[in-house]
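Structure assessment
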Amino acid sequence: MNSATGSPGARILGLGHYRPSKVLTNDDIAAFVDTNDAWIRDRVGVVTRHIAADDESVVDMAVAAAGKALAAAGAEADSIDLVVTATCTLEASLPGASATIATRLGIPGPGAFDLNAACAGFCYGLTVADDAIRCGSAQRVLLIGAEKLSAWVDWTDRSTCIIFGDAAGAAVIGGSETTGIGPVVWGSDGTRAGAITIPGRDAAMHMEGQAVFRWATTTMGKVALEACRRAGVAPEDIAIVVPHQANLRIVDAIVRQLGATNAVVARDIVDSGNTSAASIPLALSRLVERGEARTGDDVLVLAFGAGLTFAGQVITCP
Ligand code: UT7
């Protein structure tokens, strides 16, 4: 139970990430489907991806990433009063992941729910956390993106199995005197709901890759520009751009359209693959770990995926 009264702003206090130990190369995949390393590098940009063990769950990965985020934030488990997990690849429909994750981390009885906006889930969650903290319904939020896509792709379908990977990324978000999570630009297009689907519990992912590619490369640059405009930051002053790691050609197109000429751009897809809701916290956490993103940097995060859904905002690097 909390009795918070609200905060002028909210910001990320610490980040963490986890990737399973098993690494799958393009040549490994070419051994069982008709593809090759050169095509995957050229058309998608992936070189390697991490794949969870059979007995390694979405919750296991989330707990590993979230534990690191708590440590990076210097936050005690009992300071968290809301846990939100963005995921679309849970093993079961019930229970959701968040309450179990909280219990495994020793967070006593927080508000806990899961959020499914597919690959855009983490950016949706940032705004949910920001609103909750500013309105006083939470003081400290643990936001996680965690996915085990390997369990939901058809490993005989070369148009999807080459793209995805498994991982988790997490952020601890708390109150601040200034704005650390800028105004969101979000939306959806349900007329394109059929473009990325997992139609049933025994079905695998189906994706109309070309259609999604066209939509992303014609829509997301404008969303990125609008997110910068609403934050009052010129694109050339953005220090870091972390687009959803769907395809390196999409990443490059968005950055070109945005005109973020001075930014460090996350290209985590190269050795993580597309990890859906985990991709943005994973990529940002790795940039921070390598010292390429620094405290106080303006970071544009921008995500899109099944639904179709999208969301983007300018945030302050912890
Ligand atoms: O994260 C959620 C959002 N998802 C996305 O943003 C995904 C967006 N889409 C994409 O990233 C790309 O469309 C894909 C990576 C999925 C596919 O790349 P593409 O350049 O659009 O390929 P394509 O589907 O147009 O196929 C081109 C050719 C075809 O051969 P033909 O008909 O020209 O002879 C395919 O059969 O490439 C062939 N192909 C492959 N060849 C080798 C398709 N997949 C493969 C493969 N290896 N894995």
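Residues numbered from 1 in each chain as written. Predicted model: local features only at pLDDT ≥ 70, side-chain atom pairs only at ≥ 80, totals over all residues. Heavy atoms only, no water.

Another aspect to go through is the site of the ligand. Taken together, 22 residues lie around the ligand, and Thr 35, Arg 158, Gln 210, Asn 247 and Asn 274 are the ones closest in. One of the side-chain nitrogen or oxygen atoms of Gln 210 is found 2.5 Å away from an oxygen atom of the ligand. Alone, the ligand offers 950 Å² of accessible surface; in the complex the protein occludes 73% of this. A molecule is said to occupy a pocket when more than half its atoms come within 2 Å of that pocket's grid points, and by this definition the ligand occupies the largest pocket. Within the residue set of the shell around the ligand, elements represented by two or more residues are helix H2 (37–43), helix H6 (209–231) and helix H7 (248–258). Counting residues per element, the shell around the ligand draws most heavily on H6, which supplies four residues. Grouping the constituent residues of the shell around the ligand by class yields 12 nonpolar, seven polar and three charged. Of the domains in this structure, domain 1 (9–176) and domain 2 (185–316) are the two that each give at least three residues to the shell around the ligand. (Near = heavy atom within 4 Å. Polar contact = N/O pair within 3.5 Å; in protein donor to acceptor, adjacent residues only side chain to side chain. Areas by Shrake-Rupley, 256 points an atom, 1.4 Å probe, with all protein chains shown as cover. 1 Å grid on protein atoms, 1.4 Å probe; cavity = no way out; pocket = protein on both sides within 12 Å on 5 of 7 lines; lining within 4 Å. Sits in = over half its atoms within 2 Å of the grid points. Helix = DSSP H or I, 4+ residues; strand = E, 2+ residues; numbered from the N terminus. Nonpolar A, V, L, I, M, F, W, Y, C, P; charged D, E, K, R; others polar. Domains from an automatic or database assignment.)

The next subject is the layout of surface pockets. Put simply, the largest pocket is a space of about 820 Å³. What lines the largest pocket is a set of 35 residues, among which Ile 163, Phe 164, Met 207, Gly 209 and Val 212 lie closest to the centre. Among the elements of the structure, H2, strand E9 (196–197), H6, H7 and strand E13 (298–305) are those that each provide at least two residues to the lining of the largest pocket. With four residues, H6 is the largest single contributor of residues to the lining of the largest pocket. Here the residues of the lining of the largest pocket are counted per class, giving 21 nonpolar, 11 polar and three charged. Here the lining of the largest pocket spans two domains, since at least three of its residues come from each of domain 1 (9–176) and domain 2 (185–316). Size it by volume and the second largest pocket reaches roughly 270 Å³. (Points joined across faces, edges and corners; volume = space filled by probe spheres on them.)

Just distances and angles here, no functional claims.
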